[in-house]
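# Structural characterization, general
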Amino acid sequence: MVDIADGWHWREEAWGAALQQDALGAVAAHVITSRALNFRTQPEADYAALARTFGRSAGDVVRVTQMHGRAIVHVRPGEDVPNGIEADAIISTDPARVISVRVADCVPVLIADRHQRVVAAVHAGWKGTCAAIAEATVEAIAAQDVAPGDLVAAIGPSIGSCCYQVDSRVRHSFLAMTPDAAAWMGEDGMERWKLDLWQANVDQLVRAGMREDAIHVARVCTADHLDRCFSHRAEGPTTGRMVAAIRLRAPTRC
Ligand SMILES: [Zn+2]
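What this report covers is the structure whose coordinates are included nearby. (Residues numbered from 1 in each chain as written. Predicted model: local features only at pLDDT ≥ 70, side-chain atom pairs only at ≥ 80, totals over all residues. Heavy atoms only, no water.)

Here we come to the nonpolar core. By size, the foremost hydrophobic cluster in this structure holds 42 residues, and its most contacted members are I111, I155, F174, L195 and L205. For I111, the residues in contact, after removing those within four places along its chain, are L24, V119, A120, V122, T137, V138, I141, L151, V152, A153, L205 and I246. Judged by nonpolar contacts, the second largest core, of 34 residues, contains L24, V103, M242 and L248. (Core = buried A, V, L, I, M, F, W, Y, C linked by side-chain atoms within 4.5 Å. Buried < 20%, exposed > 50% of the residue type's maximum accessible area, 1.4 Å probe, protein only. Contact = heavy atoms within 4.5 Å.)

On the protein side, the zinc ion has C162 (SG), C163 (SG), C221 (SG) and D224 (OD) as donor atoms, found 2.1 to 2.3 Å from it. Angles of 102 to 122 degrees at the metal separate the four donor atoms of the zinc ion, which places the site in the tetrahedral class. Within one chain, the residues serving as donors to the zinc ion are arranged as C-C-x57-C-x2-D. Accessibility expressed as a relative area gives 45% for D224, which makes it partly exposed. (Donors = N, O, S within 2.8 Å, 3.2 Å for Na, K, Ca; no water. Tetrahedral: all angles 85-135°; square planar, octahedral: opposite > 155°, others 65-115°.)

It is worth spelling out the sheet that holds strand β15 (residues 185-187) at this point. Within the open sheet, the three strands sit side by side as β14-β16-β15. Their pairing is antiparallel. Strand pairing shows two members of the sheet lacking a second neighbour, β14 (165-166) and β15, which therefore form its edges. Strands β14, β15 and β16 (193-195) of the sheet are contacted by helix α5 (residues 168-177), whose axis makes an angle of about 55 degrees with β16. (Pairing = 2+ DSSP bridges. Helix = DSSP H or I, 4+ residues; strand = E, 2+ residues; numbered from the N terminus. Axes fitted to C-alpha atoms, helices over the stretch in contact; angles between N-to-C directions.)

Before going further, it helps to spend a moment on unusual backbone geometry. Residues other than glycine seldom take positive phi values, yet F39 does so here, at roughly 55 degrees. Among the structural elements, F39 can be located in the loop between β4 (28-33) and α2 (43-53). A relative accessible area of 6% places F39 in the buried class. At R219, a position not held by glycine, the phi torsion is positive, near 55 degrees. Mapped onto the secondary structure, R219 falls in the loop between β17 (215-217) and α7 (232-235).

Here the focus is the sheet that holds strand β9 (residues 89-92). The strands making up a sheet are joined through hydrogen bonds of the backbone, oriented either antiparallel or parallel. With mixed pairing, six strands are arranged side by side in an open sheet as β7-β9-β12-β11-β13-β17. What marks the edges here is a single partner per strand, and that holds for β7 (72-75) and β17. Strand-to-strand twist in this sheet, taken as the mean axis angle between neighbours without regard to direction, amounts to 15 degrees. Summarising the sheet, strand β13 (residues 151-155) and β17 pair through three bridges and their orientation is parallel. Of the residues in β17, the one forming a bridge with A154 is H216. Across the sheet, helix α4 (residues 133-142) is in contact with β7, β9, β11 (107-113), β12 (119-124) and β13; its angle to β12 comes to roughly 160 degrees. Strand contacts of helix α6 (residues 197-207): β11, β12, β13 and β17, with the helix running at about 30 degrees to β11, the strand carrying the most contacts.

The analysis is restricted to geometry; functional conclusions fall outside its scope.
So this is what it looks like as structure tokens:
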């Protein structure tokens, strides 16, 4: 296992390298895939391989059609969820299913309750971050009577501010959402800014009530780690996708 930062580790699954975070792993089964699976050339085989990591089959993996918006889908025991339903966040109270989002520069956020009542997976690119999808997800969890202070979050590999230059259109979209956004943008000259999506999502989770020390950022920039990660910006839209997946661990009774 290669230690990165803040309790994150690369480890070897049957299909190749995968990322996990210790504090999240203490309360939920989860994984973020690497280039070993691309979810493009043979997605069904890749989802089957991912599912086996959780001891489940591909049909137990909930997938959504990501819209860069603010829609959240709920997965509850015994209730079907239409395959490919449009949403950018999934909240699950069902230990029988694995919930998943796909990324290649966009920010994957995995969330779990310390008392194992709920887990969530969030896809937050710049538009989703601007729509405060991570904040909306924690608010939706809180509405189910799980206190945000009980949550642990892991923010996985995604484009870092080192490689993410944006224009004034993106900057103005963020500033229209919240004045806090000024802190997420460093000037890069020529009417360009470096956008820090990691800090933006940390701030949103804290604003929704999470403890900052319960939020673990991998700080792995996808564009700088093409040996392990896919990057839309660095490689173009036809590159593969990484999947961030999490499953509720049924509480053990004593
Ligand atoms: Zn970078």
